[in-house]
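# Notes for the structure review
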Amino acid sequence: MNKVKLLSILTLGCLSILAGCGDDSSSSPESKDISSDPIETKVEVTAGCQEITDEADKAKIEKIKSDLTDVYSTFGDGDLNKAQEMSAATKSSVEAILKKYPGNCEAQLAYTASIISDIANNKKINNLVDTLLARTGKPGASLFSRDMMGSSEVSFNLAFHSTDELRGILVSDAQAAIATAIPSLDSAISYMTNIANDDAFTCTYNIDERNVELGRGEFAPVLAALYAAKATLTALVSINLNIDENGKYDWIDSLMELGAKVNYYDNHGFERLFKFIGKDSKFTSIHDSWKKEYKNIPNMIDSAINYVQFGLQYGLEEAKNGLKTQENDLYIVGDGEEADLSTADAQKIIDSLSTIKTQLRTGFDIPYAEGKTIKIAPYKWFENTDGI
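As the structure is a computational prediction, the values presented were derived from the model and not from experiment.

Looking now at the overall build of the protein chain. If you tally the helices and strands in the protein chain, you get 15 helices and 4 strands. Out of the 388 residues belonging to the protein chain, those deemed buried represent 43%. Sequence-distant contacts, at least 24 apart, represent 71% of the contacts inside the protein chain between residues at least 6 apart. Surface exposure of the protein chain reaches about 20,600 Å², of which carbon and sulfur atoms provide 54%.

Here we come to the pairing of strand S1 (residues 203–207). Side chains Cys 203, Tyr 205 and Ile 207 project from S1 onto a buried face, and the interleaved Thr 204 and Asn 206 project onto a face without burial. Pairing between S1 and strand S2 (residues 210–214): 5 bridges, direction antiparallel. Within S2, the position partnered with Asn 206 by the bridge is Asn 211.

Our next topic: empty space enclosed by the protein. Applying the stated criterion to the full structure yields 1 cavity of 30 Å³ or more. As for the largest cavity, its lining consists of Thr 202, Glu 213, Gly 215, Gly 217, Glu 218, Tyr 314, Gly 315, Glu 318, Gln 326, Asp 329, Tyr 331 and Val 333. Elements represented by at least two residues in the lining of the largest cavity include exactly helix H9 (216–238) and helix H14 (297–319). Ranked by residues supplied to the lining of the largest cavity, first place goes to H14 with 3 residues.

Here we come to the pattern of salt bridges. Proximity of charged atoms lets side chains of opposite charge pair with each other. Counted by the stated rule, this structure contains 11 salt bridges. Among the salt bridges present, the one from Asp 57 reaches Lys 60, with a minimum N-O distance of 3.8 Å. Of this pair, Asp 57 and Lys 60 both sit in helix H2 (residues 55–76), 3 residues apart, which is roughly one turn of the helix. Of the residues examined, Asp 57 reaches a relative accessible area of 3% and is grouped as buried. Take Lys 60: its relative accessible area is 47%, and that puts it in the partly exposed class.

Their axes nearest at 10 Å, the elements H14 and helix H15 (residues 343–362) cross at an angle of 160 degrees. The angle between H14 and H15 places the two elements in the roughly antiparallel class. Relative to H15, the crossing made by H14 is left-handed. Contacts between H14 and H15 involve Pro 298, Asn 299, Ile 301, Asp 302, Ile 305, Asn 306, Val 308, Gln 309, Leu 312, Gln 313, Leu 316 and Ala 319 from the first element and Thr 343, Ala 346, Gln 347, Ile 349, Ile 350, Leu 353, Ser 354, Lys 357, Leu 360 and Arg 361 from the second. Counted by class, the contact of H14 with H15 contains 12 nonpolar, 7 polar and 3 charged residues.

Bringing the packing of H9 against H14 into the picture now. Where H9 meets H14, the closest approach of the two axes is 7 Å, and the angle between their N-to-C directions is 165 degrees. In terms of axis orientation, H9 runs roughly antiparallel to H14. For H9 against H14, the interelement crossing comes out left-handed. Here Arg 216, Gly 217, Ala 220, Pro 221, Leu 223, Ala 224, Tyr 227, Ala 228, Lys 230, Ala 231, Thr 234 and Ala 235 of H9 come into contact with H14, specifically with Ile 297, Met 300, Ile 301, Ser 303, Ala 304, Tyr 307, Val 308, Phe 310, Gly 311 and Tyr 314. Residue classes in the contact of H9 with H14 are distributed as 16 nonpolar, 4 polar and 2 charged.

Procedures and definitions
Residues numbered from 1 in each chain as written. Predicted model: local features only at pLDDT ≥ 70, side-chain atom pairs only at ≥ 80, totals over all residues. Heavy atoms only, no water. Helix = DSSP H or I, 4+ residues; strand = E, 2+ residues; numbered from the N terminus. Buried < 20%, exposed > 50% of the residue type's maximum accessible area, 1.4 Å probe, protein only. Contact = heavy atoms within 4.5 Å. Areas by Shrake-Rupley, 256 points an atom, 1.4 Å probe, with all protein chains shown as cover. Pairing = 2+ DSSP bridges. 1 Å grid on protein atoms, 1.4 Å probe; cavity = no way out; pocket = protein on both sides within 12 Å on 5 of 7 lines; lining within 4 Å. Points joined across faces, edges and corners; volume = space filled by probe spheres on them. Salt bridge = Lys/Arg side-chain N within 4 Å of Asp/Glu carboxyl O. Axes fitted to C-alpha atoms, helices over the stretch in contact; angles between N-to-C directions. Parallel < 35°, antiparallel > 145°, perpendicular 65-115°, else oblique. Left-handed = near helix turned anticlockwise from the far one by under 90°. Nonpolar A, V, L, I, M, F, W, Y, C, P; charged D, E, K, R; others polar.

What follows is the structure, encoded as structure tokens:
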């Protein structure tokens, strides 16, 4: 598989962080209809890898795998609407197989892939975007039809040049809509954990007329990415980013007049900014309902690191057999010309990640003046739920 195709798959995983995965319910993006509280997700995953015995069902799972490959290829080509339609159709087929064979790893993997690829199906996020654009007189558009700069420009303009109602939607409803993606991530994590922990399971996909074998070396990094995505989304929805003043945002308008007045001491907007870091400010504090999840973010990051190491260690074990067990793998670990990653580099990454994981918990020193250092312990940040 060439690097461009691999990059497309990794990009899809990253974009799914922004768009959410697979929430198919529809509702208005009004705050009262979207709950931003955590939703407990319980997924009953049958451990091990149940075999599909019926020949017709075997053919169905092969068709599903082919369809999923087409979905990813279509996404990589930029046709997001078509990818959405294909993903929705494939997902229903996967659910039928998974219901009949709940312990089949290929079905579990296909279901996880359909969740990840279903980036455009989160109606709450799409409704939110459409509502914001409609109320600013702009035509409705998918979040991913815009480039990153365009999206940033829309967000900035809505925050600083719009009504109080729109500014409120930007914060509270955006967080609530993003929160709807987390239950789908939990489902994907549950299935991928079972798959990655089965050292005997491999799965073959035909990509670019080549049979590519996926095993623990590929499954573990995907699971790592899912944990990283969950950590990111949890942080985004946990932090209180409300910047209103008794439901009003006129202080923003005052702040925008700074250039004309050039009087920082009398400007209400500037005064409001200082209140954000005051003793009684709730800004950047953690929402009460999300404190437990927020404090668990370090464990999610640790899991992400562990599974990256797990996948690389699996590659090192396979490298002992040369190309014998790797010739159809997505990437090859070894010391020959065919290798994509040398054994020395793989081990170096594993060791570096161990060091990083330790430093995230125990901290590390950063020099800030001659002979002086300050100790930074990133995971300690997640113990503070009171904000700045």
